[in-house]
Amino acid sequence: MTESALHTKTPPQGLSSAQVAERLQQYGPNVLEEKKTSPLLRLLGYFWGPIPWMIEVAAILSGVVRHWADFWIILALLVFNAGVGFWQEFTAGNAVEALRKQLALRARALRDGEWLEIDAKLLVPGDIIRIRPGDVIPADVVLIEGDYLSVDQSALTGESLPVVKQCGDEAYSGTVVKQGEVVAEVSTTGALTKFGKTASLVEQAKTVSHFQKAVLTIGDYLIYVSLTLVVILVLYQLYRNAPWLDLVQFALILTVASIPVAMPAVLSMTMAVGAMALSKRKAIVTRLESIEEMASMDVLCSDKTGTLTQNRLTLGEVKLFHAEDQQAVLLAASLASKAENKDAIDQAVLDGLKSPELLKPFHQTAFVPFDPVHKRTEATIVDSQGKTFQVAKGAPQVIMQMSSLADEEIQRAQRVVDTFAEQGYRALGVARKEQAAQQWQFLGILSLFDPPREDSAQTIASARKYGIDMKMVTGDNQAIARQISSKLGLGMNILPATELFPDPDGQWGEAAGELVEKTDGFAEVFPEHKFGIVKLLQARDHITGMTGDGVNDAPALKQADVGIAVSGATDAARAAADLVLTAPGLSVIIDAIEEARRIFERMNAYAIYRISETIRIMFFVVLTMMFFDFYPITAIMIILLAFFNDVPIMAIAFDRTGLEKNPVRWKMGQVITVATSMGIVGVVGSFGMLLIAMDWLKLDVAHIQTYIFLKMAVAGHLVLFVARSKGYFWKQPWPAPVMVWSALITKLAATFLAAYGFGLITPITWPEVALIWAYSIVSAVVTDLIKVQVYHHLHHRASRQRAFLARVQQPLHGPGRKK
């Protein structure tokens, strides 16, 4: 150790082997621990829960009544649902594992008076280590000896440029050394490091799927209604002394038919087809439920660097002092650069030249690279005539001190630097000195910035058009954040994260919830801040999306309802995300939102159809048996109806739908109200068909049952065409051809079965078939008219409620305050 080294509790010869062993026991190894679950246990987990239980009960009931065809079909649906979920989890990346790959594997530590190369996982607090350019810092450390360290800590903060660290400063695990060589003392290891806390946040991140909630709500409603009706039916028929064995068998079949065993499969199929469509648009879905969440998303938080911007320094405005023109300033700055170093600033300067040919007459004989102490680069140049001169570029204040500037020029230069800083630009002074001259000549000041992506402004405008509020979240300073925000039209209300999270541990203040809604973005954020912002928005009932590309974004991507990893994202970001973009920019997100909203409309239509069908069949069958004392359809007819209606319903995954202009959510009250209304109309229609068959045509029970079967089969699929839109079903968008054909083929099959019987049911004549078809079509039109009126009523009631709430809240907020 040198005399300039900071005071440390570690002895000069480093830790002893005994001390290392003791501290390893106390603090554990310097690794990110991960809990691993057996793939078999994960697979079995998909057979446990409310939705699997619902399907398993249906399978058991089918086995009890020895309907083995039903049993195997239901079992196949159960395995399909579990398989889809398990495959998604199995193929999705492991965010914590990806984070572990970012960490250093080896380290140089001073132990027992000797410098040793050891596994980084064996480091303990108090270890003295040597850090050099190119190293990944193996733990959180405090610099104790050396001039400086230039560190790329974008992995943690997303900052676009390296950060300079000096003695006494802390450097973080997982960050990369660009320049400098120092000796440092390890302060924290493993899960307690900044990097470890990021990984911990990823593991903590959990969101509740609104899709699963919706499926459970629909399933519960149908099961409660069905079981209530079955119990009423069984008790009533036993009171009438009906044969209990036949009754129980029929009740079990009716219960199986009412349980929506195909619903999870149909909805998963619908989302899977949508995921395939998105993959063609360069967006890979890693979690199917996120499609439904994307349709509901009303806030999108976006990382700045590499997402909204190009993550590439670009030349901005050039202010002239003692130079003929801008190209003269740029030529001098380019000569003070070295292209092969691939430095971001040097590259931006070189790209600003009109042509690389301008450099050919010059030869660089000496070059002094930038360092945080001298804060400039210098080069000695010989031109084509053999004349030698020097050029320099660097921090404006340093270049100004080197140059012979009048007081007025110094003041002007300072104003230029201040103006650039206010705009979020990085300023660079440029000077030249002839060989015989004593003083440097100040040529001018360059500005550099990370420009927005070409499609960012348009994407933000499109997102707002679809009712989505965009917020920028960045590790860069407030000035840079405001400058980019103004260029993109996001708004200028950008706050440092410390105003939202005054607690160093990332705990938010009392007014944080309201503040996070009103703010256009946040600057100077760390991973825990991004994570907290997402949780705050979710706590305020926002379906929140988050875009990002770095390790620092992984916790927030995992916590968000929709985590979106942009093109070029790190493995950790991709593993934590629900949607991975493979094309540059954010424009594909708008495509994904549009597709997600179409998929949502398909799922909503199916939910309404499934509820209304169950109500139509259950209420009609139970009421008929109570009032007319006979089975309106047979057990085999119930099974055939389930087959004709549920199997081809998969075609809804390809349906054409309208596109909502605002975020859509599951409105279960609306879904159940509309579906129940349609179901009741269906019950009335079925009773109408029953009365025609009984009182007008005077048919026997067997023929009546065929009438009812065909009416329910034909009208059943027509109900799907009614349910697929809020308006009249004959208006655009028209249904997809595959949906029309699937309905037509299954209805023709049911028609031929009714006409010829095939030993399964009693056949009826073709004129009777025509009558049933005509009646079913009229019934569908009436159902559609009622549906439209119900939607109108619900819409007007919601409008009145919103108006009432606005009047109530107006005195609280005042006429001039933003809510």
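The following paragraphs examine the structure supplied in this document. In this text the structure is predicted, and so the values were computed from the model without any measurement.

A word on the overall build of the chain. Scanning the chain from N- to C-terminus turns up 29 helices and 23 strands. In the chain, which comprises 819 residues, the share counted as buried stands at 53%. Total accessible area on the chain is roughly 36,600 Å²; 59% of this is exposed by carbon and sulfur atoms.

Time to look at the sheet that holds strand S11 (residues 299–303). Taken together, 8 strands build an open sheet; the order of strands is S10-S23-S22-S21-S11-S18-S20-S19 and the sheet is mixed. The sheet is open, and its two borders are formed by strand S10 (283–285) and strand S19 (494–496), each paired with just one other strand. Across the sheet, the axes of successive neighbouring strands diverge by a mean angle of 20 degrees, strand direction being ignored. Pairing of S11 with strand S21 (residues 544–548), which is carried by 4 bridges, proceeds in the parallel orientation. Its bridge partner being in S21, Cys301 is matched across the sheet by Met546.

Turning to the pairing of strand S9 (residues 182–188), a few remarks are in order. On a regular strand, one side chain projects to one face of the sheet and the next to the other, so that they alternate. For S9, the tally of buried residues reaches 5 of 7 residues, placing the bulk of the element in the interior. Bridge count between strand S4 (residues 140–145) and S9: 5 bridges; the pairing is antiparallel. Counted as the bridge partner of Val142 is Glu185 from S9.

It is worth spelling out the packing of aromatic side chains at this point. Across all of its chains, the model carries 14 aromatic pairs by this definition. Look at Tyr606 and Tyr609: their rings are 6.0 Å apart centre to centre, the planes differ by 45 degrees, and that puts the pair in the tilted class. With a gap of 3 residues between them, Tyr606 and Tyr609 both fall in helix H24 (residues 587–628), about one helical turn apart. A single burial state applies to Tyr606 and to Tyr609, both of which are buried. When the centroid spacing of 6.1 Å and the interplanar angle of 55 degrees are considered together, the rings of Tyr756 and Phe758 count as tilted. Owing to a relative accessible area of 46%, Tyr756 belongs among the partly exposed residues under this scheme. A relative accessible area of 57% means that Phe758 is categorised as exposed. Ring pairs connect the aromatic residues Phe752, Tyr756, Phe758 and Trp766, which therefore count as one cluster. The lysine or arginine in question, Arg130, covers the ring of Trp115, its NZ or CZ lying 4.5 Å from the ring centre. A cation over a ring is seen here: Arg412 above Phe321, with NZ or CZ 4.0 Å from the ring centre.

This next bit is on the environment of Leu623. Within the secondary structure, Leu623 is located in helix H24. Setting aside anything within four residues of it in sequence, one finds Leu623 in contact with Phe628 and Phe687.

Although it is not a glycine, Asp112 sits at a positive phi angle of roughly 55 degrees. Along the chain, Asp112 turns up in the loop between strand S1 (106–111) and strand S2 (114–119). Even without a glycine there, the phi angle at Lys698 is positive, about 55 degrees. Locating Lys698 in the fold gives a position in the loop between helix H26 (668–696) and helix H27 (701–723).

As a further point, take the side chain of Asp298. In this fold, Asp298 is placed in the loop between helix H11 (289–296) and S11. Residue classification places Asp298 among the buried positions, given a relative accessible area of 17%. A polar contact is formed between the side chain of Asp298 and the side chain of His542, at a distance of 2.9 Å. From its side chain, Asp298 meets the backbone nitrogen of Ile543 in a polar contact 2.9 Å long.

Right, let's get into helix H13 (residues 326–335). The buried fraction of H13 amounts to 7 of the 10 residues, a majority that puts the element mostly inside the structure. Of all the residues in H13, the buried ones are Gln327, Val329, Leu330, Ala332, Ala333, Ser334 and Leu335. The N-terminus of H13 is capped by Asp325, whose side-chain oxygen sits 3.2 Å from the backbone nitrogen of Gln327.

In this section: the packing of H24 against H27. Here H24 crosses H27 at 155 degrees, and the two axes come no closer than 9 Å. As summarised for this structure, H24 and H27 are arranged roughly antiparallel, according to the angle between their axes. The interaxial crossing formed by H24 with H27 has right-handed handedness. Listed contacts from H27 to Ala605, Ile608, Tyr609, Ser612, Glu613, Arg616, Ile617 and Phe620 of H24 are Ile708, Lys711, Met712, Ala715, Gly716, Val719, Leu720 and Ala723. Tallied by class, residues from the contact of H24 with H27 come to 11 nonpolar, 2 polar and 3 charged.

Looking now at the environment of Gly679. With respect to the helices and strands, the residue Gly679 is situated in helix H26. Its relative accessible area of 0% is what places Gly679 among the buried residues. Sequence separation between Gly679 and Ile611 is 68 residues, and the spatial gap between their C-alpha atoms is 7.5 Å. Discounting chain neighbours no more than four positions away, the residues touching Gly679 are Ser612, Ile615 and Arg616.

Attention now goes to the pattern of salt bridges. Per the stated rule, a full pass over the model turns up 27 salt bridges. Here Arg106 ties to Glu117 by a salt bridge, and the two come within 3.6 Å at their closest N and O atoms. With Arg106 in strand S1 and Glu117 in strand S2, this pair connects stretches of sequence that are 11 residues apart. Owing to a relative accessible area of 42%, Arg106 belongs among the partly exposed residues under this scheme. Residue classification places Glu117 among the exposed positions, given a relative accessible area of 51%. Connected through salt bridges with shared partners, the residues Arg106, Glu117 and Asp119 form a single ionic network.

Of all the 8 residues making up H11, 8 are buried; the element is thus mostly covered by neighbouring parts of the structure. Those residues of H11 not exposed but buried are Glu289, Ser290, Ile291, Glu292, Glu293, Met294, Ala295 and Ser296.

A few words now on the packing of helix H10 (residues 263–279) against H24. Taken N-terminus to C-terminus, the directions of H10 and H24 make an angle of 160 degrees; their axes are 10 Å apart at the nearest point. As summarised for this structure, H10 and H24 are arranged roughly antiparallel, according to the angle between their axes. As for the relative orientation of H10 and H24, their crossing is right-handed in sense. Contacts between H10 and H24 involve Met263, Val266, Leu267, Thr270, Met271, Gly274, Ala277 and Leu278 from the former and Asp591, Ala592, Glu595, Ile599, Arg602, Met603 and Tyr606 from the latter. Each residue belonging to the contact of H10 with H24 can be placed in one class, and the counts come to 10 nonpolar, 2 polar and 3 charged.

The rules behind the values
- Residues numbered from 1 in each chain as written.
- Predicted model: local features only at pLDDT ≥ 70, side-chain atom pairs only at ≥ 80, totals over all residues.
- Heavy atoms only, no water.
- Helix = DSSP H or I, 4+ residues; strand = E, 2+ residues; numbered from the N terminus.
- Buried < 20%, exposed > 50% of the residue type's maximum accessible area, 1.4 Å probe, protein only.
- Areas by Shrake-Rupley, 256 points an atom, 1.4 Å probe, with all protein chains shown as cover.
- Pairing = 2+ DSSP bridges.
- Axes fitted to C-alpha atoms, helices over the stretch in contact; angles between N-to-C directions.
- Phe/Tyr/Trp six-rings, centres within 6.5 Å; stacked < 30°, edge-to-face > 60°.
- Lys NZ or Arg CZ within 6 Å of the ring centre and 35° of its normal.
- Contact = heavy atoms within 4.5 Å.
- Polar contact = N/O pair within 3.5 Å; in protein donor to acceptor, adjacent residues only side chain to side chain.
- Parallel < 35°, antiparallel > 145°, perpendicular 65-115°, else oblique.
- Left-handed = near helix turned anticlockwise from the far one by under 90°.
- Nonpolar A, V, L, I, M, F, W, Y, C, P; charged D, E, K, R; others polar.
- Salt bridge = Lys/Arg side-chain N within 4 Å of Asp/Glu carboxyl O.

These figures come from the coordinates and say nothing about function on their own.
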